[in-house]
Amino acid sequence: MRMMRKNSSVLLATSALGLITSFSGLSIGLSRAAETPAKPSMPVNHLLFTTSQHCMACHSNIKGPGGEDISIGFSWRPTMMANSGRDPYWMAGVRRESTDHPTAKAAIEDECSICHMPMARFESKAAGQEGEVFSHLPPNPKKESDRLAADGVSCSVCHQIENEKLGTRESFVGRFKIDVTRRKGDRRVYGPYEIDKGHTHIMNSSSTFVPTEGKHIRSSELCATCHTLLTQALDAQGKVIGELPEQVPYQEWLHSDYKETKSCQSCHMPVVEQEVAITSVMGKLRPEMGRHVFIGGNFFMQRVLNKYRKELAVGAQPAELEAAAARTIEHLQTQTAKVGITQVAVSGGRLQADITIENGSGHKFPTAYPSRRAWLHVTVKDSRGGEIGRAHV
């Protein structure tokens, strides 16, 4: 039975549906690790990326239907994409793996920074060095490499990805292609729209990037570059002994009914129904702007980021993170799955019910990180509404 298909169902007994992620080892040290000193960053004029603040200067103060604030940067910064480099659960995982395999510590940090600190890691690789994690923690705002690491999956990462080998194994595990041959002032960033010369000049003069139409920015294959994780297994000595498909939501989507109707962005970046400007500076009305809310399922971590915002150097405002968590919960409750009761009977003093769960996501539910779990909460009440039993499955 393929649980990723829209019309798939399983028979279970329940009256509620939830999502849980198991957490262990969250007690981590955020002090800079002495054993991994920060390596010198490249000269500023050689940088391949820029932090989101340069983009937010123009892509803000954007209003949608009914006055809704759909500013790209403000929508993005409370998401897990923006906070991938300060996610404490991820930090704990990297620390745990490094502790278990000390001889492979450098390789583990390099691998785990590919998609969680992509800009800092890409710059390091371009300079002939390895990616690091804990040398960037806590981030020093005076260091360019730390600022890039803290900015997570930022604007100039996704929008610089070339339409090259997307959807193939060669692009998975963060092996997206970015043109490193172009110099500052000539670097292209891709979007779904054709840009006229006037707007091209404005953006190039303010950001140094050249806006370029690239339809691949809306493809699931672009998301698959980081959201397909094929993990190498290590033995006690840190040697590779095999490979496993740890996180494969793209492949699940590829074998689902949704492949023909919806992309990753369709659900995780829902479009604005009416034409809106995508910049507050001489913005031209554009159709189907994708909201940069990147809705997922991890409301728990968004609230952890809010609670420990000072310790984790979180940039999003408290109200933004709480709104993002509430949006995530609403999405889980209304879009991920439907629960239906098909048959209820009492036999021999025993209540029996057949319950169907229809997966509404374009992949398995839950998907990706293996510790995620879905559970069913059953409550039985009498005719007066009094609870007479409950169970979890």
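Note that the structure is predicted; figures quoted are calculated from it, not measured.

Kindly report on helix α12 (residues 299–307), identifying the contributing residues and their values.
In an α-helix, one turn spans 3.6 residues; hence positions three or four apart end up facing the same way. Looking only at α12, the buried set comprises Met 301, Gln 302, Val 304, Leu 305 and Asn 306. Buried-residue contacts for α12 involve α3 (88–100) and α13 (318–335).

Quick rundown of the state of the cysteines? Include the residues and the values.
One pass over the full model with this rule turns up one disulfide. Two residues share a disulfide in this structure: Cys 115 and Cys 226, whose sulfurs sit 2.3 Å from each other. Residues Cys 115 and Cys 226 are joined through a disulfide that is left-handed, its torsion about the S-S bond being -95°. In this pair, Cys 115 sits in helix α4 (residues 105–116) while Cys 226 sits in the loop between α9 (220–224) and β5 (229–234), placing the two residues 111 residues apart along the sequence. Residue classification places Cys 115 among the buried residues on the basis of a relative accessible area of 18%. In this structure Cys 226 comes out as partly exposed when scored by relative accessible area, which is 24%. There is no disulfide at Cys 55, and the cysteine sulfur nearest it, in Cys 155, is 3.9 Å away. Cys 223 takes part in no disulfide bond, and the closest cysteine sulfur, belonging to Cys 264, lies 4.3 Å away.

Quick one: what's the story with the nonpolar core, residue by residue and with numbers?
One finds Phe 49 and Val 133 to be the most contacted residues of the largest nonpolar core, which totals 32 residues. Of the residues forming this core, the biggest block, four residues, is contributed by α3.

Lay out the pairing of strand β10 (residues 350–359) with the relevant residues and their values.
Looking at chain direction, strand β9 (residues 337–347) and β10 are connected through 10 bridges and run antiparallel. Paired with Lys 338 across the bridge in β10 is Glu 358. Turn length for the β9-β10 hairpin, with the two strands adjacent in sequence and antiparallel, is two residues, and the turn residue Gly 348 shows positive phi of about 60°.

Provide a residue-level description of the environment of Ala 149, including the pertinent values.
In this fold, Ala 149 is placed in helix α6 (residues 144–150). Note: C-alpha distance between Ala 149 and Val 133 (16 residues apart in sequence) is 8.2 Å.

Requested: an account of the packing of α4 against helix α5 (residues 118–126), with residues and values cited.
Two elements in contact, α4 and α5, have axes separated by 6 Å at closest approach and are oriented at 125°. By the angle between their directions, the pair α4 and α5 is classed as oblique. Of the residues in α5, those touching α4 at Asp 110, Ser 113, Ile 114, Cys 115 and His 116 are Pro 118, Arg 121 and Lys 125. For the contact of α4 with α5, the per-class residue count stands at three nonpolar, two polar and three charged.

Could you give me a rundown of the side chain of Glu 162, with the residues and numbers involved?
Tracing the chain through its elements places Glu 162 in the loop between α7 (155–158) and β3 (187–191). What makes Glu 162 buried here is its relative accessible area of 14%. Separated by 2.8 Å, the side chains of Glu 162 and Tyr 190 make a polar contact. Apart from the residues within four sequence positions on either side, Glu 162 is in contact with Lys 177, Ile 178, Asp 179, Arg 188, Tyr 190 and His 216.

Outline the packing of aromatic side chains, supporting the account with residue identities and numerical values.
Under the counting rule described, the total for this entry stands at five aromatic pairs. Judged by centre distance (5.7 Å) and plane angle (85°), the rings of Phe 49 and Phe 122 are edge-to-face. Highlighted residues: Phe 49 in the loop between β2 (16–21) and α1 (52–56) and Phe 122 in helix α5, separated in sequence by 73 residues. Phe 122 gets classed as buried once you look at its relative accessible area, which sits at 17%. Counting every residue linked through ring pairs, the aromatic cluster contains Phe 49, Phe 122 and Phe 176.

How would you sum up the packing of α12 against α13? Please name residues and give values.
Closest axis-to-axis distance for the α12/α13 pair is 9 Å, and the angle between their directions is 170°. With respect to α13, the axis of α12 lies roughly antiparallel. Each of Phe 299, Gln 302, Arg 303, Leu 305 and Asn 306 in α12 lies in contact with α13, whose residues at this interface are Pro 318, Leu 321, Glu 322, Ala 324, Ala 325, Thr 328, Ile 329 and Leu 332. Residue composition of the contact of α12 with α13, by class: eight nonpolar, three polar and two charged.

Describe in detail unusual backbone geometry, supporting the description with residues and values.
Note that the residue after Leu 137, namely Pro 138, is joined by a cis bond; omega there is -15°. Inspection of the secondary structure puts Pro 138 in the loop between α5 and α6. Cis geometry is adopted by the peptide bond preceding Pro 366, which originates at Phe 365 and carries an omega value of -10°. Phi at Lys 165 takes a positive value of approximately 60°, unusual for a residue other than glycine. With respect to the helices and strands, the residue Lys 165 is situated in the loop between α7 and β3. Although it is not a glycine, Glu 288 sits at a positive phi angle of roughly 55°. Within the element layout of this structure, Glu 288 appears in the loop between β8 (285–286) and α12.

Please provide a residue-by-residue account of the pattern of salt bridges, values included.
Per the counting criterion, the structure on display carries 18 salt bridges. For the salt bridge of Arg 188 with Glu 162, the shortest nitrogen-to-oxygen distance reads 3.7 Å. You can see Arg 188 sitting in strand β3 and its partner Glu 162 sitting in the loop between α7 and β3, a full 26 residues away along the chain. Judged by its relative accessible area of 25%, Arg 188 falls in the partly exposed class.

I'd love a proper account of the environment of Glu 97, names of residues and values included.
Mapped onto the secondary structure, Glu 97 falls in helix α3. Sequence separation between Glu 97 and Leu 234 is 137 residues; the distance between their C-alpha atoms is 9.8 Å.

The rules behind these values
- Residues numbered from 1 in each chain as written.
- Predicted model: local features only at pLDDT ≥ 70, side-chain atom pairs only at ≥ 80, totals over all residues.
- Heavy atoms only, no water.
- Buried < 20%, exposed > 50% of the residue type's maximum accessible area, 1.4 Å probe, protein only.
- Helix = DSSP H or I, 4+ residues; strand = E, 2+ residues; numbered from the N terminus.
- Contact = heavy atoms within 4.5 Å.
- Disulfide = S-S within 2.5 Å.
- Core = buried A, V, L, I, M, F, W, Y, C linked by side-chain atoms within 4.5 Å.
- Pairing = 2+ DSSP bridges.
- Axes fitted to C-alpha atoms, helices over the stretch in contact; angles between N-to-C directions.
- Parallel < 35°, antiparallel > 145°, perpendicular 65-115°, else oblique.
- Nonpolar A, V, L, I, M, F, W, Y, C, P; charged D, E, K, R; others polar.
- Polar contact = N/O pair within 3.5 Å; in protein donor to acceptor, adjacent residues only side chain to side chain.
- Phe/Tyr/Trp six-rings, centres within 6.5 Å; stacked < 30°, edge-to-face > 60°.
- Salt bridge = Lys/Arg side-chain N within 4 Å of Asp/Glu carboxyl O.

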